[in-house]
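Here is how the chains run, residue by residue.
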Amino acid sequence: MRVDYLIVGQGLAGTTLALELSAAGKEVLVVDDPATRESAASRVAAGIVNPVTGKRLARSWKVEVLLPAAREFYRAWERRYGRRVFHTLPLLRFLTPEQERRYWPRRVSSGELDDYVREVDTGAVDRKSGIRTDGKAVEFAPAGYLDTRTFLDTSAAGLGAAGCLRRERFVFDELRADPGRVTWRDVRATKIIFCEGWRAAANPFFDWLPYTPSKGEILTLRVPGMPGGRILNRGKWVLPTGGERVRVGATYGWTGLGGPPTAEGGKELLDAFSSLVTLPGQLIDHRAGVRPAVKDTKPVIGLHPGNETVGIFNGFGSKGVMMAPHFARRFVAYLEQGVPLDDEVDVRRNL
Ligand SMILES: Cc1cc2nc3c(=O)[nH]c(=O)nc-3n(C[C@H](O)[C@H](O)[C@H](O)COP(=O)(O)OP(=O)(O)OC[C@H]3O[C@@H](n4cnc5c(N)ncnc54)[C@H](O)[C@@H]3O)c2cc1C
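The following refers to the structure shown. (Residues numbered from 1 in each chain as written. Predicted model: local features only at pLDDT ≥ 70, side-chain atom pairs only at ≥ 80, totals over all residues. Heavy atoms only, no water.)

### Topic: the pairing of strand β16 (residues 231–234)
Formally: By the convention used here, strands pair only if DSSP detects at least 2 bridges between them. Numbering goes from the N terminus for both helices and strands, where a helix is a DSSP run of H or I of at least four residues and a strand is a run of E of at least two.
Here strand β7 (residues 91–94) pairs with β16 via 3 bridges, running parallel. Pairing of Arg-93 across the sheet is with Asn-233, part of β16. Of the strand pairs in this sheet, β16 and strand β17 (residues 236–242) are connected by 3 bridges, and their pairing is antiparallel. Bridging across to β17, Arg-234 finds its partner in Lys-236. Between β16 and β17, which pair antiparallel one after the other, the connecting turn spans 1 residue, and Gly-235 there sits at a positive phi close to 80 degrees.

### Focus on the sheet that holds strand β19 (residues 282–291)
How we decide: Comment: axis = line fitted to C-alpha atoms, over the contacting stretch for helices; angle = value between 0 and 180 degrees taken between N-to-C directions.
A sheet is described by the order of its strands in space; here 8 strands give the open sequence β8-β9-β7-β16-β17-β18-β15-β19, paired in mixed fashion. Taken across any chain shown, the strands that pair with only one partner, and hence form the sheet edges, are β8 (117–120) and β19. In this sheet, adjacent strand axes meet at a mean angle of 20 degrees when their direction is disregarded.

### Section: the site of the ligand
Operational definition: The cutoff for a nearby residue is simple: one of its non-hydrogen atoms must lie within 4 Å of the molecule or strand. Side-chain atoms alone can form a polar contact between residues adjacent in sequence; in general such a contact is a pair of N or O atoms within 3.5 Å, and within protein one must be able to donate a hydrogen while the other accepts it. Exposure was quantified through the Shrake-Rupley algorithm and a 1.4 Å probe, taking into account, for residues, occlusion by the shown protein chains and nothing else. Residues were grouped as follows: Ala, Val, Leu, Ile, Met, Phe, Trp, Tyr, Cys and Pro as nonpolar; Asp, Glu, Lys and Arg as charged; and all remaining residues, including Gly, as polar.
Looking at the ligand, there are 38 residues lining it, with Asp-32, Thr-36, Ser-42, Ile-48 and Gly-317 nearest. A distance of 3.4 Å separates an oxygen atom of the ligand from a polar backbone atom of Arg-37. Here Val-321 contributes a backbone N or O atom positioned 3.0 Å from an oxygen atom of the ligand. Summarising the interface, the protein chains cover 96% of the accessible area of the ligand, which totals 1000 Å² for the free molecule. Put simply, the parts of the chain that give the shell around the ligand at least two residues each are α1 (12–23), α2 (34–37), α3 (41–44), β15 (214–222), β19 and α8 (320–337). Along the lines of polarity and charge, the residues of the shell around the ligand split into 16 nonpolar, 12 polar and 10 charged.

### Considering α8
Convention followed: One fewer than the residue count of a helix, multiplied by 1.5 Å, yields its expected span.
Over its 18 residues, α8 runs 24 Å from end to end, which matches the ideal 26 Å to within 8%, given 1.5 Å per residue. Of the residues trailing α8, Gly-338 is marked for its positive phi of about 70 degrees.

### Focus on the sheet that holds strand β6 (residues 86–88)
Sheet architecture is open: 3 strands sit in the order β3-β10-β6, paired in antiparallel fashion. With one partner strand each, in any of the chains shown, β3 (48–49) and β6 form the two edges of the open sheet. Pairing analysis gives 3 bridges linking β6 to strand β10 (residues 144–146), with the strands arranged antiparallel. Following the sheet pairing, His-87 is matched in β10 by Tyr-145.

### Digging into the environment of Ala-328
Heads up, the condition is: Burial classes follow relative accessibility: with a 1.4 Å probe on protein chains only, a residue under 20% of its type's maximum area counts as buried, one over 50% as exposed, and anything between as partly exposed. The contact definition used throughout considers only heavy atoms, calling two residues in contact when any of these lie within 4.5 Å.
On the secondary structure map, Ala-328 appears in helix α8. Among the residues examined, Ala-328 registers a relative accessible area of 0% and is labelled buried. As for Ala-328 and Thr-16, which are separated by 312 residues in sequence, their C-alpha atoms are 6.1 Å apart. If we ignore the near neighbours within four places in the chain, the residues touching Ala-328 are Thr-16, Leu-17, Glu-20 and Phe-313.

### Some details on the pattern of salt bridges
To be explicit about the condition: The term salt bridge refers to a side-chain nitrogen of Lys or Arg lying within 4 Å of a carboxyl oxygen of Asp or Glu.
Here the structure, examined in full by the defined rule, presents 28 salt bridges. Residues Glu-20 and Arg-329 are paired through a salt bridge, measuring 3.3 Å at the closest nitrogen-oxygen approach. Highlighted residues: Glu-20 in helix α1 and Arg-329 in helix α8, separated in sequence by 309 residues. Classification of Glu-20 by relative accessible area gives buried; the value is 10%. Overall, the relative accessible area of 45% leaves Arg-329 in the partly exposed class. Asp-342 is the salt-bridge partner of Arg-330, the closest N and O atoms lying 3.7 Å from each other. Of this pair, Arg-330 sits in helix α8 while Asp-342 sits in the segment after α8, placing them 12 residues apart in sequence. Here the residues in one salt-bridge network are Arg-37, Glu-38, Arg-43, Arg-149, Asp-153, Asp-285 and Arg-287, joined through shared partners.

### A look at the nonpolar core
Cut-off, in case you're wondering: In this text, buried Ala, Val, Leu, Ile, Met, Phe, Trp, Tyr and Cys residues form a nonpolar core when linked through side-chain atoms within 4.5 Å.
The biggest cluster of nonpolar side chains holds 66 residues, and the ones touching the most others in it are Leu-17, Phe-151, Ile-193 and Phe-313. If you tally residues by element for this core, the top one is α8, at 9 residues. Among residues more than four places away in sequence, those in contact with Ile-193 are Tyr-5, Leu-6, Ile-7, Val-8, Leu-17, Leu-303, Gly-311, Ile-312, Phe-313, Phe-331 and Leu-335. Grouped together as the second largest cluster of nonpolar side chains are 21 residues, Phe-194, Leu-209, Val-300 and Val-310 included.

Encoded structure:
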């Protein structure tokens with residue numbers, strides 16, 4: 001089999017890249033390991049996009065470019081596959097006293113959040129709705145979430161039907177990456193692009209990157225009477241996804257990577273849920289995944305400095321949904337037309 005690009009990994013990174021390469025007329029083959037697929041960050045994630053992030057209420061990096069690009073990409077995907085996956089919902093954030101005192105006045109006076117925020121009279125949030133309204137609240141929009149599983153499964157079905165997906169583990173011993181040509185089993189490709197998420201740390205071509213992966217846990221609850229229409233956030237977030245289902249996340253940890261969810265993580269999330277919602281919830285699911293990141297928290301994109309047949313598309317941290325579409329397009333422009341990558345995402349900045 002001959003293809004232009006062999007892609008390792010069918011998470012958000014590998015999927016968006018495969019779709020962008022195909023749209024550019026390139027032949028791709030995606031390989032994804034069935035043993036690691038289910039616990040991949042992309043399948044665990046709630047898929048939230050939020051223009052304002054972190055304790056300091058900072059405007060999310062490049063949000064003015066990334067968010068419109070993501071929305072355009074997922075809307076085009078929805079038209080092509082006839083499924084709804086990208087849902088816009090405002091995010092209601094309750095500020096801590098410290099945030100209200102220290103950070104909020106700065107953000108208001110700088111005007112940097114003007115396009116994304118509106119102050120909310122918490123008295124107007126119906127106190128009978130089950131939402132705890134104590135504290136100052138601000139509403140961020142546009143925000144929302146991607147139904148990542150439907151996006152990945154439907155994309156996989158499309159790639160599979162076209163003969164462009166194999167559910168197999170990629171093993172490095174079976175790879176030959178000569179200048180201008182890659183050989184893996186029966187496959188010949190012009191380039192191989194690694195999109196393995198946090199497992200890239202074991203990739204012999206890219207083991208020199210300063211990886212900082214973090215484990216995240218997330219719950220799914222059944223909450224009868226849960227009001228929809230908004231994502232709630234008070235440090236952690238509560239996302240109603242319809243049909244009484246509510247996702248609660250997420251924890252951050254730096255140990256037990258690749259391991260199962262923990263009792264402590266579950267308790268932390270149930271406490272967070274109770275700090276936002278007064279209604280009782282029944283636990284349906286508890287999962288853990290690992291966010292792929294490097295030290296400066298920016299993506300790592302580009303070709304290997306010593307072997308240009310080998311590339312990487314990774315490092316999307318906790319924002320894969322918003323970042324992957326824009327950077328997949330930029331990477332394809334770089335690969336196919338030589339349009340330079342931004343220095344701040346180019347893998348070579350880490351040399
Ligand atoms: C709890 C949690 C909550 C999150 N919430 C959000 C959120 O709300 N919004 C958001 O934008 N992001 C969120 N994220 C982050 C998001 O999940 C990541 O940014 C994104 O999924 C990374 O995608 P990826 O494709 O790079 O990696 P992954 O999703 O890890 O995919 C890597 C793929 O590579 C495959 N693979 C690896 N090695 C091999 C091999 N040797 N052979 C074959 N296949 C291989 C794996 O099977 C996997 O399918 C969250 C993450 C976690 C853990």
